[in-house]
Amino acid sequence: MTRIDRNQLNDDEFRLQLRAWIEVNYLSPLRDPMRRLTGDEARQWLKAQHRDGWRAPALPAEHGGMGLSLRKQLIYQQELERFRVARPMDMGLRLLAPVLLRYGTTEQKAIHLPRILSAQDVWCQGYSEPNAGSDLANLRTAAQDRGDHFVVNGQKTWTTMASDSNMIFMLVRTCVEEKKQQGITFLLVDMATPGIRVRPIRTLAGEEHFCEVFFDDVAVPRANLVGQVGDGWAVGKALLGFERFSHGSPELLRHALLVLQRTGAALGLRDDERYRDTLERHACDVSDASALYEQVCETALAGGDADDDFSMLKLFNAEATQRIAEAVQELAGQHGGLIGAAPHLGLPDDLEWLYMITRPLTIFGGTAQVQRNLLAARALKLPKT
Ligand SMILES: Cc1cc2nc3c(=O)[nH]c(=O)nc-3n(C[C@H](O)[C@H](O)[C@H](O)COP(=O)(O)OP(=O)(O)OC[C@H]3O[C@@H](n4cnc5c(N)ncnc54)[C@H](O)[C@@H]3O)c2cc1C
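Quick caveat, the model's predicted, so the values are computed rather than measured.

Caption draft 1: Examining the packing of aromatic side chains more closely. For the coordinates displayed, the defined rule picks out ten aromatic pairs. Consider the rings of Tyr26 and Trp45, whose centres lie 5.0 Å apart with planes at 85°: the pair is edge-to-face. Here the residue Tyr26 occupies a position in the loop between α1 (11-25) and β1 (36-37), and Trp45 occupies one in helix α2 (residues 39-51), the gap between them amounting to 19 residues. Where Trp123 meets Phe169, the ring centres are 6.3 Å apart and the plane angle is 40°; that geometry is what we call tilted.

Caption draft 2: Structural view of unusual backbone geometry. Unlike most non-glycine residues, Arg84 shows phi in positive territory, near 60°. You can see Arg84 is positioned in the loop between α3 (70-82) and β2 (87-88).

Caption draft 3: Representation of the site of the ligand. Taken together, 17 residues sit near the ligand, with Ser128, Ser134, Trp158, Thr160 and Thr367 positioned nearest. Between an oxygen atom of the ligand and a main-chain N or O atom of Ser128, the distance comes to 2.7 Å. Separating an oxygen atom of the ligand from a side-chain N or O atom of Ser134 is a distance of 2.6 Å. Protein contacts shield 64% of the accessible area of the ligand, which totals 970 Å² for the unbound molecule. Within the residue set of the shell around the ligand, elements represented by two or more residues are β5 (149-160) and α11 (368-378).

Caption draft 4: The nonpolar core, seen in detail. Of all hydrophobic cores here, the largest spans 47 residues; its most connected members are Leu96, Val152, Phe169, Phe186 and Leu187. Here this core takes seven residues from helix α4 (residues 91-103), the largest share from any one element. Those residues in contact with Val152 that sit more than four places away from it in its chain are Thr141, Ala142, Ala143, Met170, Val172, Leu187, Phe215, Asp216, Asp217, Val218 and Val220. Formed by 37 residues, the second largest nonpolar core is a distinct cluster that contains Leu269, Cys297, Ala327 and Leu354.

Caption draft 5: Main features of the pattern of salt bridges. Under the criterion given, the structure shown has 20 salt bridges. Here Arg115 and Asp121 are joined by a salt bridge, their closest N and O atoms 2.8 Å apart. Since its relative accessible area comes to 6%, Asp121 is described here as buried. Where Arg199 meets Glu212, a salt bridge forms, and the shortest distance between an N and an O atom there is 2.5 Å. Here Glu212 lies in strand β9 (residues 210-221) and Arg199 lies in strand β8 (residues 196-201), a separation of 13 residues in the sequence. When its relative accessible area of 14% is taken as the criterion, Glu212 is described as buried.

Caption draft 6: Broad picture of helix α5 (residues 106-117). With twelve residues, α5 should reach 16 Å at 1.5 Å per residue; the first-to-last C-alpha distance of 17 Å fits that figure. All buried positions along α5 are accounted for by Gln108, His112, Leu113, Ile116 and Leu117. Along the long axis of α5, the arc covered by the buried residues comes to 125°, so they all point the same way. Along α5, the residues that are exposed and aim more than 90 degrees away from the buried face are Glu107 and Ala110. In the core, the buried residues of α5 are packed alongside α2, α4, β3 (123-126), β6 (167-173), β7 (184-190) and β10 (225-226).

Caption draft 7: Focus on the side chain of Ser249. Turning to its location among the elements, Ser249 is positioned in the loop between α6 (232-236) and α7 (251-266). Accessibility expressed as a relative area gives 11% for Ser249, which makes it buried. Among residues more than four places away in sequence, those in contact with Ser249 are Gln77, Glu81, Tyr293 and Asn317.

Caption draft 8: Quick peek at the pairing of β7. Where burial is concerned, most of β7 is hidden: six out of the seven residues are buried. As paired elements, β6 and β7 share seven bridges and run antiparallel to each other. Bridge pairing in β7 places Phe169 opposite Leu188.

Caption draft 9: The pairing of β9, seen in detail. Here β5 runs beside β9; their pairing, made up of nine bridges, is antiparallel. Counterpart to Gln155 in the pairing with β9 is Phe214. In the sheet, β8 pairs with β9 via six bridges, with the strands oriented antiparallel. By the bridge assignment, Ile196 is partnered in β9 with Phe215.

Caption draft 10: Seen up close, the packing of α7 against helix α9 (residues 307-332). Relative orientation of the contacting elements α7 and α9 amounts to 15°, with a least axis distance of 9 Å. The pairing of α7 with α9 is recorded here as roughly parallel in orientation. Viewed along their axes, α7 and α9 form a crossing whose handedness is left-handed. Between α7, through Leu252, Leu253, Ala256, Leu257, Val259, Leu260, Thr263 and Gly264, and α9, the contact on the second element is made entirely by Asn317, Ala320, Thr321, Ile324, Ala327, Val328, Leu331 and Ala332.

Caption draft 11: Representation of the environment of Asp231 in the model. Along the chain, Asp231 turns up in the loop between β10 and α6. The spatial distance from the C-alpha of Asp231 to the C-alpha of Tyr355 is 40 Å, given a sequence separation of 124 residues.

Caption draft 12: Focus on the side chain of Gln155. Looking at where Gln155 falls in the secondary structure, it is placed in strand β5. A polar atom in the side chain of Gln155 sits 2.9 Å from the side chain of Glu212. Setting aside residues up to four positions removed in sequence, Gln155 forms contacts with Glu129, Pro130, Thr141, Glu212, Val213 and Phe214.

Reading guide: rules and limits
Residues numbered from 1 in each chain as written. Predicted model: local features only at pLDDT ≥ 70, side-chain atom pairs only at ≥ 80, totals over all residues. Heavy atoms only, no water. Phe/Tyr/Trp six-rings, centres within 6.5 Å; stacked < 30°, edge-to-face > 60°. Helix = DSSP H or I, 4+ residues; strand = E, 2+ residues; numbered from the N terminus. Near = heavy atom within 4 Å. Polar contact = N/O pair within 3.5 Å; in protein donor to acceptor, adjacent residues only side chain to side chain. Areas by Shrake-Rupley, 256 points an atom, 1.4 Å probe, with all protein chains shown as cover. Core = buried A, V, L, I, M, F, W, Y, C linked by side-chain atoms within 4.5 Å. Buried < 20%, exposed > 50% of the residue type's maximum accessible area, 1.4 Å probe, protein only. Contact = heavy atoms within 4.5 Å. Salt bridge = Lys/Arg side-chain N within 4 Å of Asp/Glu carboxyl O. Expected span 1.5 Å × (residues − 1). Arc of directions from axis to C-beta. Pairing = 2+ DSSP bridges. Axes fitted to C-alpha atoms, helices over the stretch in contact; angles between N-to-C directions. Parallel < 35°, antiparallel > 145°, perpendicular 65-115°, else oblique. Left-handed = near helix turned anticlockwise from the far one by under 90°.

Right under this line is the structure:
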């Protein structure tokens with residue numbers, strides 16, 4: 001891989017170099033931030049970033065990342081959004097790398113970080129279970145400690161892209177304690193281990209992006225334990241480290257507004273008063289979210305604690321994006337339920353898919369209700385119910 005310290009560039013040079021690089025190297029025809037890059041397309045894109053030294057903007061340079069300043073990380077995010085690149089499956093970098101940096105052994109870092117960076121390993125996240133979602137500490141998948149290895153039995157669910165991953169990081173129960181958060185352990189597991197079975201779940205959006213994963217007497221070497229046995233709750237919570245600027249970006253919201261505009265234009269409604277009212281109302285949400293995002297980014301750049309503000313923005317954006325997708329459906333009427341793009345309307349957008357794909361925005365990464373509870377306690381200091 002090319003190792004260049006791009007912190008030395010001034011911000012404008014950095015932006016232009018990155019822009020030119022993306023234009024040449026982003027090869028997928030998918031130019032839609034709501035779409036997900038998967039399989040070979042995702043790997044090719046991540047490998048190209050790695051090859052040319054544009055991978056891992058926030059990961060410290062001593063661990064193989066770009067170690068960019070916060071301002072350059074923001075520019076990086078802006079340029080990806082400008083080109084409307086689809087999101088690759090990259091949980092290894094986004095979620096696991098921060099955990100390894102904080103809790104991993106020297107050996108675990110040496111083995112896993114380079115394989116994450118080179119996209120040799122694709123990781124999925126095994127947290128949720130049929131009776132453990134919002135109440136994650138209720139998880140039951142059990143790991144028996146057999147000295148040099150653990151034996152895992154149980155089931156995970158809603159595991160995004162498990163069928164496309166060769167590794168899974170997961171929370172398991174190693175003992176039952178009075179407090180549910182205790183007795184949980186964090187393990188790294190090779191998906192090729194005998195006893196693992198993956199069953200894709202087809203969603204309403206027509207995709208098989210998530211799966212159930214079953215574990216039947218799966219042997220996991222002790223070397224794959226991260227942190228101490230029983231400390232998994234604290235380890236698992238260190239996940240969100242590198243997503244500062246994508247968390248809270250109104251990118252999807254802007255995309256939904258664009259689809260609303262295109263739908264209105266395709267239906268010849270540009271001068272329709274009701275349509276114009278609807279468009280203005282949603283455009284105001286987008287302007288509010290964009291202004292707040294800029295302000296929150298400035299706070300973060302100035303060294304302030306902006307994590308709660310980013311979470312609040314993420315929640316606002318998710319709900320506002322859903323409202324726009326609903327408005328598109330109302331506007332499109334009979335056309336809204338058709339599956340696939342709507343070329344007869346001259347539209348490149350799949351309106352039904354947009355509606356379906358925006359439904360989970362208020363579920364994954366903590367549901368809207370749970371986010372509200374957290375923000376009420378953390379940001380507003382309201383008493384816990
Ligand atoms: C697109 C998508 C991708 C996902 N990817 C992954 C993944 O890769 N790995 C993984 O482990 N999991 C993943 N998940 C699972 C996700 O984390 C859970 O769906 C989420 O935590 C909610 O859990 P649940 O579905 O069990 O719903 P529940 O927790 O059963 O919630 C049901 C309803 O009750 C409400 N509720 C629950 N508790 C409270 C409370 N205390 N106060 C108020 N309301 C409450 C919820 O808001 C929700 O409306 C994914 C989910 C989605 C939709």
